[in-house]
Each structure stands twice: as structure tokens, then as C-alpha cells.
Amino acid sequence: MKNLVVLSGAGISAESGIATFRDFGGLWDKYRIEDVATPEAFRKNPKLVLDFYNMRRRECIKAQPNRAHIGLAELENDYNVFIITQNVDDLHEKAGSKNVLHLHGELMKARSSMDSTLIYDLDSLNSDIQIGDQALDGSQLRPHIVWFGESVPMMEKAQDIVAKADILVIIGTSLNVYPAAGLVDNVSDGVPIYLIDPNTVFVPRSGINFIQKIASEGVGELIKILGSAR
Ligand code: OAD
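None of these values were measured; they are calculated from a predicted model.

Observations concerning helix α5 (residues 67-74)
Link 1 in the chain: Listing the buried residues of α5 in full gives Ala68, His69, Gly71, Leu72 and Ala73.
Link 2 in the chain: If you follow the buried residues of α5, they end up packed against β1 (3-8), β2 (80-85), α6 (91-95), β7 (167-171) and α8 (215-229).

What follows is the structure in C-alpha cells.
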């Protein structure tokens, strides 16, 4: 089976009711990155940062995968599908995708603020992280999120996956954030690239197949195209 690699971003979860970051009215219109998504912010005002992610986690627990997540999971019948997502929600997993790599961390996990390898699953019934909640090393628990200014531990693994792609699909990402956006450079020459987004996104490659649609419709169209290409 061919390797189908998907690079997904916030846009794929928009139809599940989760706000994107850079669209009009998106999260970064309402919050400043430097107040809630950096290690400095957590040092300065940990409660504000914990509250921000507690709120987002509650949204994530309620959210259901949409037809785009489900369509990608169903493609596993015909392809080795690898999902590399910048999203911190768990909607690809809820839809049934088996190989999901989270570049920017996961809302449903917490970790030690001293040791990035000391990671815990959060219970969806009691998922808020509070000031005073401690990891086994005695440090304050923090969200398992890669903040701005931190390294992206999954990057090398993601580059290896993209390098083995026979087909690359980019869905719902503005490709504004590096190093994630640079993954497109790791795809081999000649590999077909499909871009699904209702808005124009600059991809630094030629011959992009642009499906200018929202994620659910775009994945539906992709499935038809892939079906007729077989
Ligand atoms: P952005 O908010 O930057 O981009 C969202 C993309 O989704 C845009 O290209 C939109 O046009 C598109 N979009 C909107 N609605 C859509 C829909 N219904 N279907 C398909 N596409 C739609 O989000 P990301 O590119 O994911 O990182 O942002 C990357 C990173 O920036 C995030 O992982 C996050 C953020 O800061 C961290 O917090 C570390």
C-alpha cells in the first residue's frame, strides 16, 4: 500500500467547533501569544496559562470529529495513512486514525515543568490542571504543549515520515509556524501534493493540487480523486 501522509492544522477541526488561530476572530485575535503560549508566560502567570488550556481542554472533550477526520481514518483501508498534526485536540484519534503524531503536544496530557519526558494522561472527567498539582518529580504540572520558543521534539520523526510519502495532503493550516511549515521541504520530488483549504495558502512547491474547500468537503473530493487514480 502507498504511504499517504497528512499534515493537518487547526482548519480541520473548525467544523467541529474548535477555533483556528489566525482566521478572523481566531484565538490569536483574543489572546496574545506572549501571555498564554510561551514558557515566560507560564513563569510570570501560571494560573492564566493553566486556565487558558483548561478552557481549551474542556472544549476538546466535548468536540466530535467531523467528516474530514472520519474520511482520513477511512482511507486507512486503502493506504498506509500517517497523520502529522499541529493540533493539540484528539479528534483524529476519536475518528479512528491509528498513526497520529502531534507536533505541538496534546491537550489531554500534562507534564512535569522540569522534565519534558515525564508525561501523564489526563482524565476527561477531572481534566483541569490546577496550581499545586505536582508531577512525580515534585514540580508543578503544566500542559503537554510545545510553546513558542521551545523545541519541537517530534520534528525528526515527522521529517522521516514526510520523506517516505507517496502522496502528501495538507489540510487547514496557514503554514505560518516553523519548523512545522518546513516539513513540505522533506517531500521527495514528483510526489503529488494536495492542499485543502477554503483560503489561499502559500506552499513553496510547484504543481500543488489545490482543493479550495472546507475540510469536510475537501476530504470528500480527495477521496474521489484518489479512488479514480487507482
Ligand atoms: P491557523 O489558524 O494559522 O490556520 C488555519 C488554517 O485553516 C487557515 O489556512 C484557514 O484558511 C484554514 N481553515 C479555516 N477554516 C477551515 C475549514 N473549515 N476547513 C479547512 N480549513 C480551514 O492554524 P495552524 O496553521 O494550525 O501552535 O496554526 C499552526 C500553529 O499556530 C498551531 O499549532 C498553534 C498556533 O500558534 C501552537 O500553539 C504552538
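Back to the text.
Structural notes on the site of the ligand
Link 1 in the chain: Close to the ligand lie 24 residues; Arg22, His104, Thr173, Ser174 and Asp197 are nearest.
Link 2 in the chain: Within the side chain of Ser174, a nitrogen or oxygen atom sits 2.5 Å from an oxygen atom of the ligand.
Link 3 in the chain: Burial of the ligand by the protein chains amounts to 93% of its free accessible area of 800 Å².
Link 4 in the chain: Per-class residue counts for the shell around the ligand are 11 nonpolar, nine polar and four charged.

Quick notes on helix α7 (residues 155-163)
Link 1 in the chain: Turning to α7, its buried residues number three or more, namely Met155, Ala158, Ile161 and Val162. Along α7, the residues classed as buried sweep out an arc of 120° about the axis, all on the same side. With respect to the buried face of α7, the exposed residues turned more than 90 degrees away are Glu156 and Lys157.
Link 2 in the chain: Structurally, α7 contributes buried residues whose contacts are with β1, β2 and β3 (100-102).

Side note on the packing of aromatic side chains
Link 1 in the chain: For the structure shown, the criterion picks out six aromatic pairs.
Link 2 in the chain: Both rings, one in Trp28 and one in Phe52, keep their centres 6.2 Å apart while their planes meet at 20°; by these two values the pair is stacked. Taken as a pair, Trp28 in helix α1 (residues 27-30) and Phe52 in helix α4 (residues 46-62) lie far apart in primary sequence, 24 residues in all.
Link 3 in the chain: Relative to Trp147, the ring of Tyr53 has its centre 6.3 Å away and its plane inclined at 40°; by these criteria the two rings are tilted. On the criterion of sequence distance, the pair formed by Tyr53 in helix α4 and Trp147 in the loop between β6 (141-145) and α7 is long-range, its members being 94 residues apart. Comparing Tyr53 with Trp147 shows no difference in burial state: the two are buried.
Link 4 in the chain: Put simply, the rings of Phe21, Trp28, Tyr31, Phe42, Phe52, Tyr53 and Trp147 touch in pairs and so form one group of aromatic residues.

Points about the sheet that holds β7
Link 1 in the chain: One open sheet holds the six strands; their spatial order is β3-β2-β1-β7-β8-β9, and the pairing between them is parallel. Only two strands of the sheet have a single partner each, and these edge strands are β3 and β9 (209-211). The sheet shows a mean angle of 20° between the axes of neighbouring strands, direction not considered.
Link 2 in the chain: Its contacts with the sheet place α8 against β1, β7, β8 (193-196) and β9, and it is angled at close to 155° to β8.

A word on the pattern of salt bridges
Link 1 in the chain: Tallied over the entire structure, the rule returns 12 salt bridges.
Link 2 in the chain: Between Glu40 and Arg43 there is a salt bridge, and its shortest N-O distance comes to 3.7 Å. Of this pair, Glu40 and Arg43 both sit in helix α3 (residues 39-44), three residues apart, which is roughly one turn of the helix.
Link 3 in the chain: Between Glu76 and Lys98 there is a salt bridge whose closest N-O contact spans 3.3 Å. Placement of the pair is Glu76 in the loop between α5 and β2 and Lys98 in the loop between α6 and β3, with a sequence separation of 22 residues.

About the thresholds
Residues numbered from 1 in each chain as written. Predicted model: local features only at pLDDT ≥ 70, side-chain atom pairs only at ≥ 80, totals over all residues. Heavy atoms only, no water. Buried < 20%, exposed > 50% of the residue type's maximum accessible area, 1.4 Å probe, protein only. Helix = DSSP H or I, 4+ residues; strand = E, 2+ residues; numbered from the N terminus. Contact = heavy atoms within 4.5 Å. Near = heavy atom within 4 Å. Polar contact = N/O pair within 3.5 Å; in protein donor to acceptor, adjacent residues only side chain to side chain. Areas by Shrake-Rupley, 256 points an atom, 1.4 Å probe, with all protein chains shown as cover. Nonpolar A, V, L, I, M, F, W, Y, C, P; charged D, E, K, R; others polar. Arc of directions from axis to C-beta. Phe/Tyr/Trp six-rings, centres within 6.5 Å; stacked < 30°, edge-to-face > 60°. Pairing = 2+ DSSP bridges. Axes fitted to C-alpha atoms, helices over the stretch in contact; angles between N-to-C directions. Salt bridge = Lys/Arg side-chain N within 4 Å of Asp/Glu carboxyl O.

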